[in-house]
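This is what each chain is made of:
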Amino acid sequence: MTVTSAPARVDAAPAVPSGRRRRRAGWLAVVPLLVFVAIVFGIPALAMLNGAFTVKDPVTGATSYTTANVTASLHGAYLTALLGSVKLSAVSAAIGTLLGLLLAQAVVASRFRALREAVLTASGVLANFGGVPLAFAFVATLGNSGVLTSHLGLADTGWTLYSFWGLTLTYLYFLIPLMVLTITPALDGLRSQWREAAQNNGATHARYWRHVALPVLAPSLLGGLVLLFGSAFAAYATAAAMVGSSVPLVTLQIADAISGNVLVGQENVALALSLDMVLVAGLVMAVYLPLQRRSARWLA
């Protein structure tokens, strides 16, 4: 008689974590970053909003909510400074975008790898070189008694560094390298097959750039333009050290309002000016992010 043994018991395989558990674990991993952002950015933003819409009675010391600070920030010298910052940022960003594109294309088309690495390394350094050291370097070079001003006789031609165009030239020192870093990956993404196909169909070099390369690069170029605008719009130390109040800028007006150099008790107007800058920066980012996503689809 044959004895049949009972089938061995097979333990159930461990359950695979569901998508919901994975998403929950992902959120838990992001919590420290969210807490950091809330403390570093959220608290100052709330304080700025509260101060921008708050007015303090000088007699009783009571505070009340009003739009007077925001209204004041959009009139008179404050509006002139805001428009001056927008104009300076737009002009310097447009020139920086054009010159940065030309320099980046020259580097990408070069056969010398050492040249490419040297330019990109220098651009990484110069894009972050600003503030008082940059202002001092330009004053020593192109100021009223600067080295080049004296040797080239620029003072006789009416040149002055402490003007709108002098400040624009100074900003280009870090905006052009920033554009080189921004547009070089996009130029690398242009496929050689596109150029060959255009040449096989009789297109000249200029027509290739007009009908193929520039339309593909347009989102990256516009994104770089917006990035350069934001960088120039937020700059403060270079202009403060070099031109002072001779060029109306919103960042300088904020500093004057906080320190009381012009009028006492304008701290909340300074917060309203800061809110105006945040809104402009928000518009800039609202344009920049979609352009970056679109360029990534083309050049991936």
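I will try to describe carefully the structure that is included in this document. (Residues numbered from 1 in each chain as written. Predicted model: local features only at pLDDT ≥ 70, side-chain atom pairs only at ≥ 80, totals over all residues. Heavy atoms only, no water.)

1. Digging into the overall build of the protein chain
Here is step 1 of the chain: When its secondary structure is counted, the protein chain shows 12 helices and two strands.
Here is step 2 of the chain: Along its sequence from the N terminus, the protein chain presents helices and strands in the succession α-β-β-α-α-α-α-α-α-α-α-α-α-α.
Here is step 3 of the chain: Sorting the 300 residues of the protein chain into buried and exposed places 33% on the buried side.
Here is step 4 of the chain: Excluding contacts between residues fewer than 6 apart, the proportion of contacts in the protein chain whose partners are at least 24 apart in sequence is 68%.
Here is step 5 of the chain: Here the protein chain has roughly 18,200 Å² of accessible surface; of this, 67% comes from carbon and sulfur atoms. (Helix = DSSP H or I, 4+ residues; strand = E, 2+ residues; numbered from the N terminus. Buried < 20%, exposed > 50% of the residue type's maximum accessible area, 1.4 Å probe, protein only. Contact = heavy atoms within 4.5 Å. Areas by Shrake-Rupley, 256 points an atom, 1.4 Å probe, with all protein chains shown as cover.)

2. Digging into the side chain of D276
Here is step 1 of the chain: Mapped onto the secondary structure, D276 falls in helix 12 (residues 267-299).
Here is step 2 of the chain: What D276 contacts, discounting residues up to four positions off in sequence, is S73, L74 and L82.

3. A few points about the packing of aromatic side chains
Each aromatic ring pair is summarised here by two numbers: the centre-to-centre distance and the angle between the ring planes.
Here is step 1 of the chain: Evaluated as defined, the whole model comprises six aromatic pairs.
Here is step 2 of the chain: For the pair Y171 and F174, a centre-to-centre distance of 5.5 Å together with 50 degrees between the ring planes defines the contact as tilted. Placement of the pair is Y171 and F174 together in helix 7 (residues 164-188), with a separation of three residues, close to one helical turn. Summarising the burial analysis for this pair, Y171 and F174 share the class buried.
Here is step 3 of the chain: A network of ring pairs unites the aromatic residues F129, F138 and Y173 as a single cluster.
Here is step 4 of the chain: Taking the ring centre of F164 as reference, the NZ or CZ of K87 above it sits at 5.0 Å. (Phe/Tyr/Trp six-rings, centres within 6.5 Å; stacked < 30°, edge-to-face > 60°. Lys NZ or Arg CZ within 6 Å of the ring centre and 35° of its normal.)

4. Observations regarding the pattern of salt bridges
Here is step 1 of the chain: Under the criterion given, the structure shown has two salt bridges.
Here is step 2 of the chain: In this structure, R113 and E117 form a salt bridge, with 3.1 Å as the shortest nitrogen-oxygen distance. One end of the pair, R113, and the other, E117, are both in helix 4 (residues 113-126), four residues apart, so they sit about a helical turn from each other.
Here is step 3 of the chain: When its relative accessible area of 41% is taken as the criterion, E117 is described as partly exposed.
Here is step 4 of the chain: A salt bridge links R116 to D188; the nearest nitrogen and oxygen atoms lie 2.6 Å apart. In this pair, R116 sits in helix 4 while D188 sits in helix 7, placing the two residues 72 residues apart along the sequence.
Here is step 5 of the chain: On the basis of relative accessibility, which here comes to 21%, the residue R116 falls in the partly exposed class.
Here is step 6 of the chain: Under the relative-accessibility criterion, D188 is labelled partly exposed at 38%. (Salt bridge = Lys/Arg side-chain N within 4 Å of Asp/Glu carboxyl O.)

5. Details of the nonpolar core
Here is step 1 of the chain: Judged by nonpolar contacts, the single largest core of 55 residues is most densely connected at L167, Y171, I183, L187, L190 and L249.
Here is step 2 of the chain: Listing elements by their share of this core, those giving two or more residues are helix 3 (76-109), helix 5 (132-142), helix 7, helix 9 (205-234), helix 10 (237-242), helix 11 (250-259) and helix 12.
Here is step 3 of the chain: If near-sequence neighbours (up to four positions away) are discounted, L167 is found in contact with L88, L161, A239, M242, V243, V247 and L249.
Here is step 4 of the chain: Membership of the second largest hydrophobic core comes to five residues, among which are A52, V70, A272 and L275. (Core = buried A, V, L, I, M, F, W, Y, C linked by side-chain atoms within 4.5 Å.)

6. Thoughts on the packing of helix 5 against helix 7
Here is step 1 of the chain: Remark: helix 5 packs on helix 7, axes separated minimally by 11 Å, with the N-to-C direction vectors making an angle of 125 degrees. The angle between helix 5 and helix 7 falls in the class oblique. Our pair here, helix 5 against helix 7, has a crossing hand that is right-handed. Residues L134, F138 and L142 of helix 5 lie in contact with helix 7, whose contacting residues are L169, T170, Y173 and F174. (Axes fitted to C-alpha atoms, helices over the stretch in contact; angles between N-to-C directions. Parallel < 35°, antiparallel > 145°, perpendicular 65-115°, else oblique. Left-handed = near helix turned anticlockwise from the far one by under 90°.)

7. A few points about the side chain of T168
Here is step 1 of the chain: Within the secondary structure, T168 sits in helix 7.
Here is step 2 of the chain: Setting aside anything within four residues of it in sequence, one finds T168 in contact with L88, V91, S92 and I95.

Everything listed here is a matter of geometry and, on its own, says nothing about what the molecule does.
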